[in-house]
Amino acid sequence: MNTLQNFSKGIIKENPVLVLVLGTCPTLATSTSVTNAVGMGVAATAVLLCSNIVISALRKIIPDKVRIPCYIVLIAGFVTMVQMLVKAFAPALDQSLGIYLPLIVVNCIILGRAEMFANKNKVFDSAVDALGMGAGFTLALILMAAIREVFGNGSFMGMPIPVLSDNKISIMTMAPGGFFVFGCLIALVNKFSANKPKKKEFGCAGCPSAAACGKASCAEQGVTASD
Amino acid sequence: MTKLIIILLSAVFINNYVLSRFLGICPFLGVSKKMDSATGMSIAVIFVMLMATAVTYPIQMYLLTPNDLGYLQTIVFILVIAALVQLVEIVLKRYIPALHKSLGVYLPLITTNCAVLGVTILNIDEGYTFLEAMVNSLGSGLGFFLAMVMFSGVRSAIEGNDIPESFKGLPVTLVAAAITSLSFLGFGGVIENLFA
């Protein structure tokens, strides 16, 4: 796979939000305005880039058995750094992202990329993968935020739009609007994706707890897990 | 006392973790297919939320804040929660095997559940006392339980319906979640006025 493909797969073919369905919590929560979406996207991309580079560089040193705790500590460290930077240089953004900034630690996209890509690939490839995935995440967030802000608040990045600002559908910026827009966007992606037939379920593929989740779905079907 | 009741009720209904704060969406969408697993998962979440608050609150108040180490909050909390979940699993397996059998599957999933980390951080941010923090955690857990159980009912009603091809699977689930969360909007402002 060449570098360009490696980069672009994160944006379209394996878009973390709309195709892999990872990191739904921050997507729904911070897409109320485009400014928030950009801030969240950039913060998550920065953490993803740093963690992918370091995890990929350390992939031969970290023992396999304790890799998940190691990844979590590394990621938490980078999140703390980003948190402090945002607090210092963009206090307004810190206010509006609030709790979702420290919660980047448990964002499935970051752990998922560490698990699926960075621990098997070279440093440069991992960095490119992180940038692609980060861009995909940011673009999906901006798309969703644009829809919600334009209809819900009648503005785009804070600039009012003539007719819409007098006819706000404020439900769009509230919780139900988030679920609704996200559902419609995924349906749209389903409609236009070429190899569609596979019915999309909630994507846990990249989640580190996927193995345990498999057990949970076994329990769901009444099959007893082996251990 | 009134304040505790207000905290409890608003954590369950108004600031519902799943439906209005968007925390814990993964288990909400992933494990809500069947009523049994939805109940099991939510009980495990309530349990871990209470334990996590009981441990992280003193750590923040007696260890981090007095020593000016507030910036370590994120790292310390996530590690404490991860270790705690492991510990709980080991203890349950050894002493209460029946409970372990029903909750065991869900415990590892909870480590990376943002609702648990979220509730511990919010308790500190809101400046609650220890008792208020515990009540808030209980309320958040109950709110999670309520949302999960309600939604698993909604999902079983969706199954077998005639849904447009591209909406099958996740999209229709999300639209249903939108309608479920719409019903919770009705609680806004009710609870403050209840005791006014």
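What you see is a predicted model; the values in this text were computed from it and never measured. (Residues numbered from 1 in each chain as written. Chains lettered and ligands numbered in written order. Predicted model: local features only at pLDDT ≥ 70, side-chain atom pairs only at ≥ 80, totals over all residues. Heavy atoms only, no water.)

Caption draft 1: Quick peek at the overall build of chain A. In terms of regular secondary structure, chain A is built from 9 helices and 2 strands. Scored against the burial criterion, the 227 residues of chain A give a buried share of 50%. Considering only intrachain contacts with a sequence separation of at least 6, the fraction spanning at least 24 residues in chain A is 74%. Accessible surface, chain A: about 10400 Å² in total, of which carbon and sulfur atoms supply 68%. (Helix = DSSP H or I, 4+ residues; strand = E, 2+ residues; numbered from the N terminus. Buried < 20%, exposed > 50% of the residue type's maximum accessible area, 1.4 Å probe, protein only. Contact = heavy atoms within 4.5 Å. Areas by Shrake-Rupley, 256 points an atom, 1.4 Å probe, with all protein chains shown as cover.)

Caption draft 2: Highlighting the overall build of chain B. Within chain B, the regular secondary structure consists of 10 helices and 0 strands. Start at the N end of chain B and walk to the C end: the helices and strands fall as α-α-α-α-α-α-α-α-α-α. Against the compact-globule benchmark of 16 Å for 196 residues, chain B has a radius of gyration of 18 Å, which places it among compact chains. Taking all 196 residues of chain B together, the buried fraction comes to 53%. Long-range pairs, those at least 24 residues apart, make up 77% of the contacts in chain B with a sequence separation of at least 6. In chain B, 9 positive and 10 negative side-chain charges are present, and the distance between their average locations comes to 12 Å. (Rg over C-alpha atoms; globule rule 2.2 N^0.38 Å. Lys, Arg positive; Asp, Glu negative; His and termini not counted. Charge placed at Lys NZ, Arg CZ, Asp CG, Glu CD.)

Caption draft 3: Structural view of helix α6 (residues 108–118) of chain A. Residues and elements named next belong to chain A. Within α6, 10 of the 11 residues are buried, which leaves it mostly tucked inside the rest of the structure. For α6, the set of buried residues is Cys 108, Ile 109, Ile 110, Leu 111, Gly 112, Arg 113, Ala 114, Glu 115, Phe 117 and Ala 118. Sitting at the head of α6, Asn 107 places a side-chain oxygen 2.9 Å from the backbone nitrogen of Ile 109. (Polar contact = N/O pair within 3.5 Å; in protein donor to acceptor, adjacent residues only side chain to side chain.)

Caption draft 4: Here's a closer look at the nonpolar core. Counting 113 residues, the largest nonpolar core has A:Phe179, A:Phe182, B:Phe28 and B:Leu117 as its most contacted members. Both domains that furnish three or more residues to this core are identified here as domain 1 (36–152) and domain 2 (160–196) of chain B. If near-sequence neighbours (up to four positions away) are discounted, A:Phe182 is found in contact with A:Val17, A:Leu18, A:Val21, A:Thr24, A:Thr27, A:Leu28, A:Met144 and B:Leu174. (Core = buried A, V, L, I, M, F, W, Y, C linked by side-chain atoms within 4.5 Å. Domains from an automatic or database assignment.)

Caption draft 5: Main features of the confidence of the model for chain A. Within chain A, residue pLDDT values average 81, and 85% of them lie at 70 or more. No element of chain A has a lower mean pLDDT than helix α9 (residues 210–220) of chain A, at 48, and none a higher one than helix α3 (residues 34–57) of chain A, at 92. (pLDDT = per-residue confidence, 0-100.)

Caption draft 6: The side chain of B:Asn123, seen in detail. All names here are of chain B. Along the polypeptide, Asn 123 turns up in helix α7 (residues 114–125). Under the relative-accessibility criterion, Asn 123 is labelled buried at 1%. Here the side chain of Asn 123 touches Asn 136 through a polar contact of 2.8 Å, side chain to side chain. Apart from the residues within four sequence positions on either side, Asn 123 is in contact with Thr 53, Tyr 128, Ala 133, Asn 136 and Ser 137.

Caption draft 7: View of the domain arrangement of chain B. According to the domain assignment, chain B consists of domain 1 (36–152) and domain 2 (160–196). Measuring from the centre of the C-alpha atoms in domain 1 of chain B to the corresponding centre in domain 2 of chain B gives 25 Å.

Caption draft 8: View of the pattern of salt bridges. Scanning all chains against the criterion turns up 6 salt bridges over all chains. Note that A:Asp129 and A:Arg113 form a salt bridge whose closest N and O atoms lie 3.0 Å from each other. Of the two residues, A:Asp129 sits in helix α7 (residues 123–153) while A:Arg113 sits in helix α6, which places them 16 residues apart along the sequence. We classify A:Asp129 as buried; its relative accessible area is 1%. The salt bridge involving B:Glu132 is made with B:Lys3; its shortest N-O contact spans 3.2 Å. (Salt bridge = Lys/Arg side-chain N within 4 Å of Asp/Glu carboxyl O.)

Caption draft 9: How the structure looks around a nonpolar patch on the surface. There is a patch of nonpolar side chains on the surface, built from B:Leu87, B:Val91, B:Tyr95, B:Ile96 and B:Leu99 and spanning about 490 Å² of accessible area. For the nonpolar patch, the leading source of residues is helix α4 (residues 73–95) of chain B, giving 3 residues. (Patch = residues over 30% accessible without salt bridge, like charges linked within 9 Å, V, L, I, M, F, W, Y side chains within 5 Å.)

Caption draft 10: How the structure looks around the interface of chain A and chain B. Contacts between the two partners involve 46 residues from chain A, matched on the other side by 46 residues from chain B. Together, the buried faces of chain A and chain B total about 4100 Å²; carbon and sulfur atoms form 80% of this surface. The tally of links between chain A and chain B comes to 0 salt bridges. Looking at the side of chain A that touches chain B, the elements that each hand over two or more residues are α2 (24–30), α4 (67–89), α6, α8 (175–192) and α9 of chain A. Looking at which element gives the most residues to the side of chain A that touches chain B, the answer is α8(A), with 11 residues. (Buried area = accessible area lost by both parts, 1.4 Å probe.)

Caption draft 11: Structural view of the environment of B:Val45. When you line up the elements, B:Val45 lands in helix α3 (residues 35–64). Apart from the residues within four sequence positions on either side, B:Val45 is in contact with B:Ile110, B:Asn113 and B:Phe144.

Caption draft 12: Structural view of the packing of aromatic side chains. All names here are of chain B. Per the counting criterion, the structure on display carries 5 aromatic pairs over all chains. On the numbers, 4.5 Å between centres and 25° between planes, the contact of Phe 28 with Phe 151 is stacked. Of this pair, Phe 28 sits in helix α2 (residues 25–30) while Phe 151 is found in helix α8 (residues 130–158), placing the two residues 123 residues apart along the sequence. Comparing Phe 28 with Phe 151 shows no difference in burial state: the two are buried. Members of the aromatic cluster, connected to one another through ring pairs, are Phe 13, Phe 184 and Phe 187. (Phe/Tyr/Trp six-rings, centres within 6.5 Å; stacked < 30°, edge-to-face > 60°.)

Caption draft 13: Quick peek at α7(A). Taking 1.5 Å per residue, 31 residues should reach 45 Å; α7(A) reaches 42 Å between its end C-alpha atoms and fits that length. Positive backbone phi, at 65°, marks A:Gly154, one or two positions downstream of α7(A). (Expected span 1.5 Å × (residues − 1).)

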